[in-house]
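A look at the structure
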Amino acid sequence: MRIRSSVFACFCLILEVLGIALFLRGFFPVPIKSSFSSKSKLSDVPPEPFTGRSLNSSKVPDALFKRVVIVLIDALREDFVFGPNGRKYMPYIRHLVERGSTHSFVAKARPPTVTMPRIKALTTGSIPGFIDVVMNLNSPALLEDNLIWQAKAAGKRMVFYGDDTWVKLFPKHFMEYDGTTSFFVSDYTVVDNNVTRHLDSTLKRDDWDILILHYLGLDHIGHISGPHSSLIQPKLMEMDDILKKIHGSLILKEAEGALPYLLVLCGDHGMSETGSHGGSSEHEVNTPLVLISPAFKKKVGMEKPSTVEQVDLTPTLALGLGLPISQNSVGRLIQPVVDEASLRDQLRFLHLNGHQLSYLLKDSMPAYEKEEGYEQFRVAEKSHGNWVKLVVEGNTSEVLTNMGKKVFKQYLEALRAMSEALSKQLGKYDIYSMVVGMVLVFQSPSHGGVSGGWSLSELDILLLAGTAGHTLSLSASSFVEEEHQVWYFLLNTLCLVVFQDVCRKYFQERRANFGSLEDEDYLLPSNEGDAVASPLADLGVTDAGSEKWLALATPPLTLACCRLLRSLNQTGVQWAHLPDLGHWLNSFEHKMVLSLFAALSLALIYFLVQRRCSWVSKIALALGLLGVYSYRAAVGNVVFPWQHGGGNMSKGTVEARFVYVFVLGILFTGSKDLLRSQVITADARLKSRGLWEIYSGVVLLVALLFRAHNLPVLCCCLLVQTLMAQFIWKKLHYDAAQTTIMHYWFGQAFFYFQGNSNSIATVDISVGFVGLESYVEAPAFFLTALSTYAGPLLWAAHLVCYLSSEKRSSVAVGHGCYCLALLRSVPAAAYVVLVTALRYHLFIWSVFSPKLLYESMHTLLTAAICLFFTTMEQSRMP
């Protein structure tokens, strides 16, 4: 396969990046917003329906609660309260749920289940989009109509302690506040103590109406060690004691004849089985909502909590406090909260909620009059007017009561239908930007033609058919959710075809046909006195017989490695909850086994990497890998042989920074050699060594970021690369395009071997704070991205090292980088069309949007690598 110049590949890559950026601008929707006025006002409240001439009251019914305390526990799963362990984790709250004056619900959060979008949903009642995942890193002030603004405008005095996202979203809204950083996930103690230390003094005061507490410790524990950690129960019991203290204080301050208080316990999102969040699994979207107030009837036993939407809390709190409902809210009143109010007030509450939803529906849908919910609301409103007229006239018959109950049911049906219709209408799309982006993306691969004739081997057919088949598989949401299965299948098939090629070479061809293989024009690796030695030369693999059997063993050994790694991390959606080898290794009773695995993996990593480095880099690599083990021991993942107990856990900051020093040293040494080969002397071996040392520095950094049970993934990655480079790609004369596609397939598979999936929930944000004492945005984002995409990036970097080792490295790197760019273009282009066709389907959209983020990020990173190396190679070409 002969490819055109890499200069044109650079142009195609730039065009592709622009196209994807333009498409993303049009795809990620602008949330539904009412265009009537920027904020709801009491003067905008509609009058009570009345059939007749005289005008009726337009005021909101009196508030139901005097004081409201909201305790938001980040990442609180519903089974932590309502599940079998609820009595053990939170005994006081569980007692109130079963026997107290409470209403309990399972509140469903819409994806993306990350903190900032969920806070926006709780306060505005709207459904944020996946673009808010990016904005979660640096939350701007919220200008949209929201509950906090309404409370401030009504003169409510608000106090806040906890996650500083609230302070960023609502600046100058709280009369008193103390924000804590939410991104430094290594801390799960001080971050909560900084909230609790204000409680005693605040609860004694009477100068506030709304108190909001946002606790982060539980979420941080989840990111560190998962939902089944031994740290979970003590943290939840701590939260239970805090809620008991708050509830006791509210009871003591309750005055005779005054309005009752309301204590709200909720979570912003749940926690997956791996301890993360962001996706749409049941454990991530189901959160507990417990409303505690003397205004409610006491329970007589445990009842199964009914399900509500998380956004339903917004109109419920607004009406309970006597405030207008936020204009962009798609939530509906939680009906049991107003059960003790008069029937007239209940209907008034439902009417206000329906009026707000009908106006939002009218503003977001051109054919709003044909919507079932809108028609139902108009019918209910008319019936409500007739009922009010009879009430005003003094009618007290049983017929009137039955008529009121009928109107009540009509309102509930109308609210349900309108809320669902608005929830499905996620946003408006910039179709023009999307179409232009599609054209640019498709121009990239279509302009990159190939020159020369095509002679397709069996391997070529597999590589092309497999890549095309994967692209077609993206048309089904189930294949997106379980994409790892596609790559595992393709990788296994590839190993079998390569094994066939090896057998054909060594058993079917005449010995004379491969006599010339000993003098190939490859510089990496080489056994003929070059400065860069073969990674297996010290094992005595120099004769043809040993080489033949190692070549034959490489595909089966690769298959064995892949099978082992598949068992290490369950991923996807359907079977992600099943136990895997990673869970077994991370359990406390198997810590010694994990320690042995980690030590052996680090030793093998050193053996596979160091042989192509200078002696300075070898020493730095050895000390760095020792520092990696020391870091994992410091944070309690592994133990040293002389440690008999668990030892004292720490953040491992010193050990991690120790490793960072050696990473920088290796990168500096490699960069120096690379620059010398480019500027001072055209030494191919010096350039090859420089590239490999840069690669070695990245490997050391990845080893630090990977969790202890994932170190075998890195070890197998390096082992497969070494064997394939030494005995397959070089000896079987695979060209640059074939080698590139194989690297691409392996990179995609290793992305999933790490435990990643197309759900945001599998992104391990705790690695962004390795070696940091506090949250720093730039390094945290870099470390998280590097850890997430370590598999594809390591294979892309190895591709450059391998192709640069050829004598015609400029052509090889250009061909390889162009082919890699083409491989990223085809799935991205197909995905652009797919998400455009499915943009109006809510469930499909929630599945495909995270995948689109992954595809975009992966394409941009690939483009950056390809642009750098093709530019570098072109600068050296005559």
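Okay, so let's go over this structure. Keep in mind that what you see is a predicted model, and the values were worked out from it rather than measured. (Residues numbered from 1 in each chain as written. Predicted model: local features only at pLDDT ≥ 70, side-chain atom pairs only at ≥ 80, totals over all residues. Heavy atoms only, no water.)

**Re the overall build of the chain**
Condition: Numbering of helices and strands starts at the N terminus; helices are DSSP runs of H or I of at least 4 residues and strands are runs of E of at least 2. Each residue's exposure class comes from its accessible area (1.4 Å probe, protein chains only) as a fraction of the maximum for that residue type: buried when under 20%, exposed when over 50%, partly exposed otherwise. Should any heavy atoms of two residues lie within 4.5 Å, those residues are counted as being in contact. Accessible surface is estimated by sampling points in the Shrake-Rupley manner with a 1.4 Å probe; for residues, cover comes only from the protein chains shown.
Of the regular secondary structure elements, the chain holds 33 helices and ten strands. Looking at the chain residue by residue over its 878 residues, the buried ones come to 59%. Taking all contacts inside the chain whose residues are at least 6 apart in sequence as the whole, residues at least 24 apart take part in 77%. Total accessible area on the chain stands at roughly 35,400 Å², and carbon and sulfur atoms take up 60% of it.

**Some points on the sheet that holds strand S2 (residues 67-73)**
Cut-off, in case you're wondering: Two strands make a pair as long as DSSP finds a minimum of two bridges between them. For helices, the fitted line uses only the C-alpha atoms of the stretch in contact; every axis is such a line through C-alpha atoms, and the angle between N-to-C directions lies from 0 to 180 degrees.
Spatial strand order, S5-S4-S6-S2-S7-S8-S3-S9: eight strands in an open sheet with mixed pairing. Two strands lie at the open edges of the sheet, namely strand S5 (176-180) and strand S9 (306-309), each paired on one side alone. Taking the axes of each pair of neighbouring strands and ignoring which way they run, one obtains an average angle of 15° across the sheet. Pairing of strand S4 (residues 158-163) with S5 involves five bridges; the strand directions are parallel. Looking at S5, one finds that Tyr161 is bridged to Asp178. The strands touched by helix H12 (residues 232-252) within the sheet are S2, strand S6 (210-215), strand S7 (261-266) and strand S8 (286-292), with S7 carrying the most contacts at an inclination of about 170°.

**Some thoughts on the packing of helix H15 (residues 343-364) against helix H16 (residues 372-392)**
Selection rule: Oblique is the label for any angle not covered by the other classes, which are roughly parallel (under 35 degrees), roughly antiparallel (over 145) and roughly perpendicular (65 to 115). Handedness of a crossing is defined here by the sense of rotation of the near helix relative to the far one, left-handed for an anticlockwise turn of less than a right angle and right-handed for a clockwise turn. Basically, the charged four are Asp, Glu, Lys and Arg, the nonpolar ten are Ala, Val, Leu, Ile, Met, Phe, Trp, Tyr, Cys and Pro, and anything else, Gly included, counts as polar.
In contact at an axis separation of 10 Å, H15 and H16 are set at 150° when each is read in the N-to-C sense. Taken together, the axis directions place H15 and H16 in an arrangement best described as roughly antiparallel. Of the two elements, H15 crosses H16, and the hand of that crossing is left-handed. Residues Leu343, Arg344, Leu347, Arg348, His351, Gly354, His355, Ser358, Leu361 and Lys362 of H15 pack against Tyr374, Phe377, Arg378, Glu381, His384, Trp387, Val388, Val391 and Val392 of H16. Partitioned by chemical class, the residues of the contact of H15 with H16 number nine nonpolar, five polar and five charged.

**Some remarks on the packing of aromatic side chains**
Rules: Pairing of aromatic rings covers Phe, Tyr and the six-membered ring of Trp, with a centre-to-centre limit of 6.5 Å; geometry is then stacked below 30 degrees between planes, edge-to-face above 60, and tilted otherwise. In this scheme, Lys NZ or Arg CZ marks a charge over a ring once it lies within 6 Å of the ring centre and within 35 degrees of the ring normal.
Considering all chains together, one arrives at 19 aromatic pairs under this definition. Note on Phe658 and Phe662: the rings are 4.8 Å apart at their centroids and 75° apart in plane angle, and the pair reads as edge-to-face. Highlighted residues: Phe658 and Phe662, both in helix H26 (residues 653-680), separated by four residues, approximately one helical turn. Seen from their ring centres, Phe750 and Phe753 are 5.0 Å apart, and the 90° between their planes marks the pair as edge-to-face. On the criterion of helical spacing, the pair formed by Phe750 and Phe753 is a turn pair, its members being three residues apart in helix H29 (residues 736-753). On the basis of relative accessible area, Phe750 is assigned to the buried category, the value being 2%. The ring of Trp208 carries Arg67 above its face, with NZ or CZ at 3.9 Å from the centroid. Across the ring face of Tyr506, the terminal group of Lys505 is positioned such that the distance to the ring centre comes to 5.2 Å.

**A word on the pattern of salt bridges**
Heads up, the condition is: By salt bridge we mean one thing: a side-chain nitrogen of Lys or Arg within 4 Å of a carboxyl oxygen of Asp or Glu.
Tallied over the entire structure, the rule returns 24 salt bridges. Across the pair Asp206 and Lys253 runs a salt bridge whose closest N-O atoms are separated by 3.2 Å. With Asp206 in the loop between helix H10 (199-204) and S6 and Lys253 in the loop between H12 and S7, the pair connects residues that are 47 residues apart, well separated along the chain. Classification of Asp206 by relative accessible area gives exposed; the value is 53%. For Lys253, a relative accessible area of 35% puts it in the partly exposed group. Of the charged contacts, one joins Asp501 and Arg504 as a salt bridge, the two residues approaching to 3.0 Å between their closest N and O atoms. Here Asp501 pairs with Arg504, and both are found in helix H21 (residues 483-508), just three residues apart, close to one helical turn. The class of Asp501 is buried, set by a relative accessible area of 14%. Several salt bridges share partner residues, and in doing so they unite Arg67, Asp206 and Lys253 into one network.

**Quick look at the nonpolar core**
One recurring pattern in soluble globular proteins is that nonpolar side chains are buried together. How we decide: Take the buried Ala, Val, Leu, Ile, Met, Phe, Trp, Tyr and Cys residues and link them wherever side-chain atoms come within 4.5 Å; each set so joined is a nonpolar core.
Within the largest apolar cluster, 97 residues are counted, with the highest numbers of intra-cluster contacts made by Leu494, Ile605, Leu700, Leu714, Trp729, Trp745 and Phe753. Broken down by element, the residue count for this core peaks at 14 residues, all from helix H28 (residues 711-729).

**Overview of a nonpolar patch on the surface**
Operational definition: Here the term patch refers to residues with relative accessible area over 30% and no salt bridge, with like charges joined within 9 Å and nonpolar side chains (Val, Leu, Ile, Met, Phe, Trp, Tyr) within 5 Å.
Where nonpolar side chains cluster on the molecular surface, the patch consists of Trp615, Val616, Ile619, Leu623, Leu626 and Phe658 and spans about 600 Å² of accessible area. Top contributing element to the nonpolar patch by residue count: helix H25 (residues 615-634), with five residues. Relative accessible area serves as the criterion here: at 38%, Phe658 is assigned to the partly exposed category.

**A word on the environment of Glu547**
Looking at where Glu547 falls in the secondary structure, it is placed in helix H22 (residues 544-568). For Glu547, a relative accessible area of 12% puts it in the buried group. The sequence separation of Glu547 and Phe727 amounts to 180 residues, and the corresponding C-alpha distance is 7.3 Å.

**A look at unusual backbone geometry**
Look at Lys172: it is not a glycine, yet its phi comes out positive at around 65°. Along the chain, the position of Lys172 falls in the loop between helix H8 (165-169) and S5. With a relative accessible area of 78%, Lys172 lands in the exposed category. With a phi angle near 60°, His733 is a residue other than glycine that sits in the positive phi range. Among the structural elements, His733 can be located in the loop between H28 and H29. Overall, His733 belongs to the partly exposed group, its relative accessible area being 41%.

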